[in-house]
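Fold and contact review
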Amino acid sequence: MAQAIINGILIGGLYAIIGVGMSIIFGIVKLTNLAHGEFVVLAAYFSLAISAATGLNPGLSLILVGPIMFFIGFAIQNLIVNRLMPRGAEAPLLVMFGMSIIIQNVILQVFSADPQHLTNPLDTSNFALGNAVVPTTFLIDCVIGVCVILALNVFMKHTYVGMAVRAVSDDTTAAKIMGINVNLIYGVAMGIAMVTSAVAGVLVGQTYNFYPTTGSQYLIISFGIVVIGGMGSIKGTLVAGLIFGLAQLLGGFLFGTTLQLLAGYIIILIMLAVKPQGLFAK
Amino acid sequence: MSKSSKIRVVVILAVVIALYVIPQSPLTTDNTMRIGLLIALYCTLGLMWNLMAGYTGMVSLGQQIFIGIAGYNVAVFATTFGLPFWAGMFCGAGISVLLSVALSFLLFRMKGMYFAIATWITSEALKIIFTSWEFVNMGGGMTIKLRPYPDVFELYYISLTLVIGAFLVVFFVLNSRIGLGLKAMRDDDDASAAMGVNIFRAKLLCFMISGFVTGLCGALFYINQGSIFPGPGFGISWTVAAVFIVIIGGIGTITGPIVGAIIYVFLSEFLSQYQGYSMIILGVIAIAVILGLPYGIVGTIERKFGFEVLSTRRTMKNLLSGGRANVDYSRGRDLRVSK
Amino acid sequence: MRTNRDMLIVEGLRVNYGDFVAVDGADFRVPQGAIVSLVGTNGAGKSTLIDCISGITKPAQGRVYFKGENITGKPAHEIVAMGLTLVPQGSRCFVRMTVEENLIIGSYTKKARASRMETLKYVYDLFPALYEKRNDLSGALSGGQRQMVAIGRALMSKPELILFDEISLGLAPTVIKDIYVRIREINRSGGVTVVLIEQDVKRSLRASSRCDVMLKGRIVLSGSPGELTEEKIKAAYFGI
């Protein structure tokens, strides 16, 4: 039990970083990014390729993966999504759906369907906490995830770009008349979300095996985070990650590991039906 | 009935008769029948997704719920109980309807993207349940054993009848008072409520029809295939197919799914030796169509030539065309009059 | 005729919403340093006109010149950077941001960023109530205070021309009076040209140096308060 709780909390940090990008896009661009899971997996594959080519530690490969993902997000937003947004929510949603299919199959062609893993010197190490044995990787995931989210929060609060992003999400028209180029900010927000996916991808990749089709699993986790934490709320994602991680691991502990995922899905469905604006909505 | 609509009815009847008669010619092979069957089934799948997304604004990403349920029903009825395929087929479709009613209480509280994701998550949950349910052989899947096993000709005729039935149902639903309300609902819930349309009931009707027909469709798919596994059975690729078919053809058009299904089946047949590439190409085509032809192929042709093969005289703007629709509620029933 | 003294010139502006013509060939000019009020009934096209001037709505026809430069169809954010700011109807503060964040975001344009501390001080001097509430979410403020945030936010962009869209809507008379005093102060000591959209003819006549009346998408009457009697304006206002 203690083991499940500690793991749940640590995994919560990882879930939060997986979900925060989707939450940003949801809250600011008002886009359901159905390709978010694929972007996380794509980042893991980028990291795999870069560390294979350069011998860099996967963590350090983020120096390259982060900017690449930022650029991809910025480009997708500016070239495709911004053009479609005046037509309503469905067209961008379907485009991102198509994008997820494309990414998944491109990865499949390039890397094959074999499971991959980002190797990390601490892969097999554990440490004891009370009578629980915790994999060090979980701790690293949690610490990095939480730190990135807190840094993002500071960025959103104290920089012009961050404030502009929040202003756009509050009132798009009012933001325009304050001199904010809304389309540009959408692009930047998408880019930032993609950087968080890059971090999430590398963390996921060093924690679990990944293969081309794992994206939908991370999309659903992200969606759980958004639904529990409330869209666009950065702090909400932390709490949501914690709740979701704990619920899954406790569900797994009590009802067996096959039902671990199911427990998560059921929580999302209940949340959606009862309080789709998130737990912290007023 | 005007002269042009008389001609139209004659043309449609001729095409339908041809579709029934052609297979009797000596030139048709099992393979052409198989392709005809797939086009009919994918077209049905697209029509049912379109009925929800294109006309009522409920973008479902969970059509595979009904496919998987019906497919498993056929397998269980045939293999476990030794019953004929149509028993499993209709029972599967019936369970799909019951499921759609049960889910509606949960799903209809949600709108837009919430609805989309919730339908998907429901299908993922079912996937897990079927993967760990011993009665259906868990992740090992089931083989469908039927004696006698219907051949591809029989399945073609059943599927052809199904797709024609699906067209008629969609046509009549959309030309009824409920259909008018549904189209209003797609653009504005409040407006249609003001028109006195019971939104919940109208949505539920569509969801039930969609569940029933998609269920029949799924049963036929799996009878044709011979075996079912939880992963593909409840896989998102069913919805991917439906979405691509409708978008390429033209969302919110009645005939769009035919064109979309033909393109989809031919693309995936031609590219079948390059598994994976077909999905990439389909994805690229779909995105290109959304960007370049917001009304899809059929929708664009209709707009250009002011011609509709099966008119429902949409006064609401197309789902993907965006902007506020110019809704003239005062005209009421005039909306049904065809162009 | 285009003189240098006119800061804003609108010529033959036409805006359609589908089949509906909201602004139908409006001509409008604002002399530098003036307070011009634009009155008219609901639906006369006042808000559409200034939305179009500030770049939120695109015109179908006509031209808009600001400081002699053609700004027709330019995106809103470029127009703000040139020194033309709108205080929108209903204030439209960023409700999930604090008062101070609202003000800071007002200085988003490059030109305004450099002097943001001085402008912030100027705004706080003008509206001491905002200084007291600077760390509160603007969504938690009263209507009048929110209006002050919106004005302060507009001032932060260092504008040369501010368009106020029905600033008195839904506010108590004493609050309105106070805000009008501030607007005159902004005009006099800050040297900012002002356009006031109003429904209240009396109040606008008192506050402004020029008054234009809009009816069914056109400017039907224009003049200084001395030239215009209340009867004349009322006749134009209702189209009698």
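Right above here is the structure, for reference.
Figured I'd write up the structure that's included with this text. The written sequence of each chain sets the order in which its residues are numbered from 1. By the order in which they are written, chains take letters starting at A while ligands take numbers starting at 1. Only residues with pLDDT of at least 70 are given local features in this predicted model, and only at 80 or more are side-chain atom pairs given and counted; all residues enter the totals for whole chains, interfaces and linings. Only hydrogens and water are set aside when side-chain values are computed; all heavy atoms of the structure are taken into account.

1. Here we look at the overall build of chain C
Comment: elements are numbered from the N terminus, with helices defined as DSSP H or I runs of at least four residues and strands as E runs of at least two. Summing up its helical and strand segments, chain C has 10 helices and 10 strands in all. Relative to its 240 residues, chain C shows a buried fraction of 54%. In the form shown here, chain C has an accessible surface area of approximately 10,400 Å², with 49% of it arising from carbon and sulfur atoms. Note on charges: Lys and Arg go in the positive column, Asp and Glu in the negative column, and His and the chain ends are not counted at all. Throughout, a charge is located at the NZ atom of Lys, the CZ atom of Arg, the CG atom of Asp or the CD atom of Glu. Side chains of chain C carry 33 positive and 25 negative charges; the gap between the two charge centres is 1 Å. A 1.4 Å probe rolled over the protein chains alone gives each residue an accessible area, and that area as a share of the maximum for its type sets the label: buried under 20%, exposed over 50%, partly exposed in between. In this description, accessible areas are obtained by the Shrake-Rupley approach with a 1.4 Å probe, and a residue is regarded as covered only by the protein chains that are shown.

2. Things to note about the sheet that holds strand β7 (residues 161-165) of chain C
Across a sheet, paired strands are connected by hydrogen bonds in the backbone, their directions being either parallel or antiparallel. Residue and element names in this part refer to chain C. One bridge is not enough; two strands pair if DSSP finds at least two bridges between them. Taken in spatial order, the 6 strands line up as β6-β7-β8-β3-β9-β10 in an open sheet, and their pairing is mixed. Of all the strands in the sheet, the pair left with one neighbour each is β6 (84-87) and β10 (218-223). Direction aside, the axes of adjacent strands within the sheet are offset by 20° on average. In this sheet, β10 lies alongside strand β9 (residues 210-215) in antiparallel orientation, the contact comprising 5 bridges. In the strand pairing of β10, Met-214 is matched with Ile-219. Contacting β6 and β7, helix α7 (residues 143-155) crosses the sheet at an angle of about 175° to β6. In the packing of helix α8 (residues 173-190) onto the sheet, contacts are made with β3 (35-39), β7 and β8 (193-198), and the angle to β8 comes to roughly 155°. To get an axis, fit a line to the C-alpha atoms, keeping to the stretch in contact for a helix; angles then go from 0 to 180 degrees between the N-to-C directions. The criterion used for residue contact is that any of the two residues' heavy atoms lie within 4.5 Å.

3. Concerning the sheet that holds strand β5 (residues 69-70) of chain C
All names here are of chain C. With respect to topology, 4 strands assemble into an open sheet ordered β2-β1-β4-β5, the strand pairing being antiparallel. Since the sheet does not close on itself, it has two edges, and those belong to β2 (20-31) and β5, each with one partner. One ladder, built from 5 bridges, connects strand β1 (residues 6-17) with strand β4 (residues 61-66); its direction is antiparallel. From the neighbouring strand, Leu-8 faces β4, where its bridge partner is Phe-66. Along the sheet, helix α1 (residues 46-53) makes contact with β1, β2 and β4, crossing β1 at roughly 115°.

4. Digging into the packing of aromatic side chains
Here a pair means two rings of Phe, Tyr or Trp (six-membered ring of Trp) with centres within 6.5 Å. Their orientation is stacked below 30 degrees between planes, edge-to-face above 60, and tilted elsewhere. Summed over the entire model, instances satisfying the criterion amount to 28 aromatic pairs over all chains. The interplanar angle of 55° and the centroid separation of 5.8 Å between the aromatic rings of A:Tyr15 and A:Phe244 together place this pair among those described as tilted. Residue A:Tyr15 is found in helix α1 (residues 2-29), and its partner A:Phe244 is found in helix α10 (residues 234-255); the two are separated by 229 residues along the sequence. You can call A:Phe244 buried: its relative accessible area is 1%. Judged by centre distance (4.8 Å) and plane angle (70°), the ring pair of C:Tyr237 and C:Phe238 falls under edge-to-face. In this structure C:Tyr237 comes out as buried when scored by relative accessible area, which is 7%. Here the aromatic cluster, defined as three or more aromatic residues joined through ring pairs, consists of B:Tyr42, B:Phe221, B:Tyr222, B:Trp238 and B:Tyr264. Remark: a charge is flagged as sitting over a ring if the NZ atom of Lys or the CZ atom of Arg is within 6 Å of the ring centre and within 35 degrees of the ring normal. It is C:Arg134 that lies over the ring of C:Tyr131; its NZ or CZ is 4.1 Å from the centre. If you follow C:Arg153 out to its NZ or CZ, it ends over the ring of C:Phe94, 4.8 Å from the centre.

5. Considering the pattern of salt bridges
Note that side chains of opposite charge can pair when their charged atoms are close. By definition, a salt bridge exists where a carboxyl oxygen of Asp or Glu is found within 4 Å of a side-chain nitrogen of Lys or Arg. The final tally for this structure, using the stated rule, is 17 salt bridges over all chains. With a closest N to O distance of 3.5 Å, B:Lys127 and B:Glu124 form a salt bridge. One end of the pair is B:Lys127 and the other is B:Glu124, both in helix α5 (residues 112-131) and 3 residues apart, which spans about a single turn. Overall, the relative accessible area of 21% leaves B:Lys127 in the partly exposed class. Overall, the relative accessible area of 8% leaves B:Glu124 in the buried class. Among the ionic pairs, C:Arg210 bridges to C:Asp212, the shortest N-O distance being 4.0 Å.

6. Points about helix α10 (residues 230-238) of chain C
Residue and element names in this part refer to chain C. Along α10, the positions that sit buried rather than exposed are Ile-233, Ala-236 and Tyr-237. Each buried residue of α10 lies within a common arc of 105° when the element is viewed along its axis, so the set occupies one face. Counted as exposed and oriented over 90 degrees from the buried face of α10: Glu-231 and Phe-238. Where α10 is buried, its residues contact β3, α9 (201-207), β9 and β10. Gly-239 lies just past α10 and shows a positive phi near 70°. Arc definition: directions from the helix axis to the C-beta atoms.

7. Some remarks on the interface of chain A and chain B
Facing 34 residues of chain A, the contacting portion of chain B comprises 40 residues. Two parts placed together each lose some accessible area under a 1.4 Å probe, and adding up what both lose gives the buried area. Each partner contributes to the roughly 3,500 Å² buried at the junction of chain A and chain B, and carbon and sulfur atoms together form 82% of this total. Among the residues of chain A in contact with chain B, A:Arg87, A:Leu94 and A:Phe97 are the three that bury the most area, contributing 19% of the side total. Across the contact surface, chain A and chain B share 0 salt bridges. Polar contact is the term for a pair of N or O atoms within 3.5 Å; when the atoms are in protein, one must be able to donate a hydrogen and the other to accept it, and sequence-neighboring residues count only if both atoms are side-chain atoms. Between the two partners, chain A and chain B, sit 2 residue pairs in polar contact (both at pLDDT 80 or more). Secondary structure elements with two or more residues in the side of chain A that touches chain B: α3 (58-84), α4 (90-111), α9 (215-229) and α11 (258-274) of chain A. The element best represented in the side of chain A that touches chain B is α4(A), accounting for 13 residues.

8. A closer look at the arrangement of the chains
The assembly contains 2 pairs of chains in contact; the pair sharing the most contacts is chains A and B. Contact between chain B and chain C is absent, and the minimum C-alpha spacing across the pair is 8 Å.

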